[in-house]
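As a plain string of letters, each chain reads:
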Amino acid sequence: MITKIFDIAMPILAVLMSCVGYYFYIKSQAEKAAAAAINKAEPDADDGKTGEEKLNEAVEQVYELIPASASVFIPKTVVRGIVQMAFDNIEEYAKKQVAKKTK
């Protein structure tokens, strides 16, 4: 009885672990692409776009990179959070560099 349960549970666990691994792989790829998307969405200061429009543009660029099979598990709200986190990290780094230069 126990061996039968084990024989059924192992393939299910293997599939689940593969899906979790794939999710984290795609998420890490989206995090890497976020910085590039932010840079692309921010061409110059006088382009007339608001910060929200630039954020939406960066989110769309990153979301297009996510395969259709993974977009079910990684919705735009998650991508938006990834892009916002990348922007916050870039902004924090820039502020540190400015503070270092002014000293």
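For the structure, see preceding data.
Bear in mind that the values here come from a model prediction, so they are computed numbers and not experimental data.

What counts, and at which threshold
- Each chain has its residues counted from 1, running along the sequence as written.
- Local features in this predicted model are restricted to residues whose pLDDT is 70 or higher, and side-chain atom pairs enter the listing and the counts only when it is 80 or higher, whereas totals over whole chains, interfaces and linings include all residues.
- Heavy atoms throughout the structure, all of them, feed into the side-chain values; hydrogens and water do not.
- Runs of E in the DSSP output that reach at least two residues are strands. Runs of H or I that reach at least four are helices, and both are numbered from the N terminus.
- Only C-alpha atoms enter the radius of gyration, while the globule expectation follows 2.2 Å times N to the 0.38, with N the number of residues.
- Burial classes follow relative accessibility: with a 1.4 Å probe on protein chains only, a residue under 20% of its type's maximum area counts as buried, one over 50% as exposed, and anything between as partly exposed.
- Whether two residues are in contact is decided by their heavy atoms, any of which lying within 4.5 Å being enough.
- What sets the accessible areas is the Shrake-Rupley method with a 1.4 Å probe; for residues, cover comes only from the shown protein chains.
- Residues counted as positive are Lys and Arg, residues counted as negative are Asp and Glu, and His and the chain ends are not counted.
- Here the site of a charge means NZ on Lys, CZ on Arg, CG on Asp, or CD on Glu.
- Salt bridge, as used here, is a side-chain nitrogen of Lys or Arg placed within 4 Å of a carboxyl oxygen of Asp or Glu.

### Digging into the overall build of the chain
- Counting secondary structure elements, the chain contains four helices and zero strands.
- Mapped in sequence order, the helices and strands of the chain form the string α-α-α-α.
- Relative to the compact-globule value of 13 Å for 103 residues, the chain shows a C-alpha radius of gyration of 20 Å, a clear excess of over 25%.
- When the backbone C-alpha atoms are referred to their principal axes, the chain occupies close to 70 × 35 × 15 Å.
- By the burial criterion, 19% of the 103 residues in the chain qualify as buried.
- A separation threshold of at least 6 residues defines the contact pool for the chain, and within that pool the share at least 24 residues apart is 60%.
- A total of about 7600 Å² of accessible surface is found on the chain, and carbon and sulfur atoms cover 66% of it.
- Here the chain carries 13 positive and 14 negative side-chain charges, and the mean point of each set is 8 Å from the other.

### Some words on the environment of Ala14
- Tracing the sequence through the fold places Ala14 in helix α1 (residues 2–41).
- Along the primary structure Ala14 and Ala30 are separated by 16 residues, whereas in three dimensions their C-alpha atoms are 24 Å apart.

### As for the environment of Asn39
- Topologically, Asn39 is positioned in helix α1.
- When the C-alpha positions of Asn39 and Lys54 are compared, they lie 9.9 Å apart, and in sequence the two are 15 residues distant.

### Observations concerning the pattern of salt bridges
- Evaluated as defined, the whole model comprises four salt bridges.
- Between Glu91 and Lys95 there is a salt bridge; the shortest N-O distance is 3.9 Å. Of the two residues, Glu91 and Lys95 both sit in helix α4 (residues 76–102), four residues apart, roughly one turn of that helix.
- The exposure class of Glu91 is partly exposed, given its relative accessible area of 34%.
- A relative accessible area of 55% places Lys95 in the exposed class.

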